[in-house]
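Residue strings, one per chain:
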Amino acid sequence: MEALYYLSNTIRALSDTGDLLDTVAYLAASALRARRSYVVLVDRQFGDFLTDAGFGLEPLTVPDGTIRFGELPRRIMKAKNPLLFSNLSQEPAMADMAKTEKVSEVLGVPIRSRGRIVGAILVAGPTDEYFGDDDLYLLGVFANLAMPAIEESYYHESLIRDPLTDTYVYSYFYSVLGQQVSEASRYGRPLSLIVIDLDGFDKINCQYGYHRGDLFLKECVNRIQRMIRSADILGRLAGDEFALVLPNTDRAGAAILADRIRQEIASVRLSGAGEISTTATIGVAELTPEYGDAMALFETAVSALSEAKQRGGNQVGQ
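Predicted model, so just to flag it, every value in this text is computed and none were measured.

Focus on the sheet that holds strand β7 (residues 233-238)
Ordered in space as β7-β8-β6-β9-β10, the 5 strands form an open sheet in which the pairing is mixed. Bordering the open sheet on either side are β7 and β10 (316-317), each of which pairs with just one other strand. Where strand β6 (residues 191-198) lies against strand β8 (residues 241-247), 7 bridges are found, and the strand directions are antiparallel. Opposite S192, over in β8, you have L246 as the bridge partner. Against the sheet, helix α8 (residues 210-227) makes contact with β6, β7 and β8, and its axis sits at roughly 155° relative to β7, the strand it touches most.

As for α8
Three- or four-residue spacings in an α-helix give side chains the same orientation, since the helix completes a turn every 3.6 residues. Spanning 18 residues, α8 covers 26 Å between terminal C-alpha atoms, matching the ideal 26 Å at 1.5 Å per step. Regarding α8, the residues found buried are R212, G213, F216, L217, C220, V221, R223, I224 and M227. Buried residues belonging to α8 abut β6, α7 (201-208), β7, β8 and α9 (251-266).

Considering the nonpolar core
Formed by 29 residues in total, the largest nonpolar core has its most connected members in I194, I196, F216, L244, I261, I265 and I282. When residues of this core are traced back to their parent elements, those giving at least two are β6, α7, α8, β8, α9 and β9 (280-286). Looking at this core, the element that brings in the most residues is α8, giving 6 residues. Counting 28 residues, the second largest nonpolar core, distinct from the first, contains L27, L107, I111 and M147.

Points about helix α2 (residues 17-31)
For α2, which comprises 15 residues, the first-to-last C-alpha distance of 21 Å matches the rise-based estimate of 21 Å (1.5 Å per residue) to within 8%. For α2, every residue scored as buried is listed here: T17, L20, L21, T23, V24, A25, L27, A28, A29 and A31.

A closer look at the packing of aromatic side chains
As enumerated under the stated definition, the model contains 6 aromatic pairs in all. Consider the rings of Y168 and Y172, whose centres lie 4.9 Å apart with planes at 50°: the pair is tilted. Accessibility expressed as a relative area gives 18% for Y168, which makes it buried. Ring plane angle 85° and centroid distance 6.1 Å describe the contact between Y174 and F298, whose orientation is recorded as edge-to-face. One end of the pair, Y174, is in helix α6 (residues 170-187); the other, F298, is in helix α10 (residues 294-310), with 124 residues separating them in the sequence. By relative accessible area, which is 15% here, F298 ends up buried.

Quick look at the packing of α6 against α10
The contact between α6 and α10 brings their axes to 9 Å, and the two run at 115°. One finds that α6 runs roughly perpendicular with respect to α10. Judged by the sense of rotation from one axis to the other, the crossing of α6 with α10 is right-handed. Counting all contacts with α6, which are made through Y170, Y174, L177, G178 and V181, the residues of α10 involved are A294, M295, L297 and F298. Here the residues of the contact of α6 with α10 sort into 8 nonpolar, 1 polar and no charged.

Here we look at the environment of R75
With respect to the helices and strands, R75 occurs in helix α3 (residues 72-79). Classification of R75 by relative accessible area gives partly exposed; the value is 33%. Sequence-wise, R75 and P110 are 35 residues apart; in three dimensions their C-alpha atoms are separated by 9.4 Å. Among all residues touching R75, those that are not within four sequence positions of it are L83, F85, E91 and M94.

Brief notes about the environment of E299
Locating E299 in the fold gives a position in helix α10. Relative accessible area serves as the criterion here: at 48%, E299 is assigned to the partly exposed category. Sequence separation between E299 and V195 is 104 residues, and the spatial gap between their C-alpha atoms is 9.9 Å.

Side note on the pattern of salt bridges
One pass over the structure, following the stated rule, counts 10 salt bridges. For E264, the salt bridge is made with R223, and the minimal N-O distance between the two is 2.8 Å. With E264 in helix α9 and R223 in helix α8, the pair connects residues that are 41 residues apart, well separated along the chain. With a shortest N-O distance of 2.8 Å, D259 and R262 are connected by a salt bridge.

Here's the deal with the pairing of β7
Burial analysis of β7 places 5 of its 6 residues in the buried class, which makes it a mostly covered element. Pairing analysis gives 5 bridges linking β7 to β8, with the strands arranged antiparallel. Note that in β8 the partner of I233 across the bridge is V245. Between β7 and β8, which follow one another and run antiparallel, lie 2 residues, and G239 among them has a positive phi close to 55°.

Considering the packing of α7 against α8
One can describe the packing of α7 onto α8 by two numbers: an axis separation of 7 Å at closest approach and a directional angle of 135°. Our classification of the angle between α7 and α8 gives oblique. Two secondary-structure elements touch here, α7 through F201, I204, N205 and Y208 and α8 through Y210, R212, G213, F216 and L217.

What counts as what
Residues numbered from 1 in each chain as written. Predicted model: local features only at pLDDT ≥ 70, side-chain atom pairs only at ≥ 80, totals over all residues. Heavy atoms only, no water. Pairing = 2+ DSSP bridges. Helix = DSSP H or I, 4+ residues; strand = E, 2+ residues; numbered from the N terminus. Contact = heavy atoms within 4.5 Å. Axes fitted to C-alpha atoms, helices over the stretch in contact; angles between N-to-C directions. Expected span 1.5 Å × (residues − 1). Buried < 20%, exposed > 50% of the residue type's maximum accessible area, 1.4 Å probe, protein only. Core = buried A, V, L, I, M, F, W, Y, C linked by side-chain atoms within 4.5 Å. Phe/Tyr/Trp six-rings, centres within 6.5 Å; stacked < 30°, edge-to-face > 60°. Parallel < 35°, antiparallel > 145°, perpendicular 65-115°, else oblique. Left-handed = near helix turned anticlockwise from the far one by under 90°. Nonpolar A, V, L, I, M, F, W, Y, C, P; charged D, E, K, R; others polar. Salt bridge = Lys/Arg side-chain N within 4 Å of Asp/Glu carboxyl O.

What follows is the structure in structure tokens.
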């Protein structure tokens, strides 16, 4: 009950989705005396992986965007009700997952947001006894207490995130850029901006269709996400144009990363009815007293991109 009291009194103060889900995962495990717990959210529109958090989980090498615990989270979301999974190792479809996650019993409840199921909370393995009906009820109460804060955070994220690429939308990205510029100027820290444009992407959409174009674009963005730090901020400006804020990074460091991104995008291949590939042109700018606000920094990076395009593209301009 202490975990429920703490949850009801503190969780609304957490505005960051990551911190919120970390707290929910920890308190869910505490409330049910569980060895580990897992919280996952999926995209409202596409049902794809959005974000997750865990407590007591073994570190696993899994592809980005992979939902842990196999098919259990989606089974819970599909059922729309709390579910108890016992003796997982005895189920052929679950045996590998149970071995990998080192669990034999999982209790889960769905997460709702504005009438839709958008995720699940799972707890695994109480320390001294098996889960029972009381635990099922308790997790349901816990989920109901956590739901308003998760829903508010989730809805906020859906407003500031591009649904296709999970990058920040332009309006929010530009506001964050302004904040980063102010902080860098105040404390004398380096700050750089990268603007990325995929060369000839319109032709890909025309030749292969928008669906395959979207798949290719998502893969390019996934590659970029794996190359950047957690402090870096990636936004979608429009169509196939993206921008990346690099705190504590000078122009030389930004140019090195930009060229790595250029090479990585050039290596992306999407097979099927004709192999899809393309290149990228990138502009780089660093915050200086000469152009010390967000607009000037942005325009400088775009100008560097335009000049690189005029030179033939597939290169980094700075």
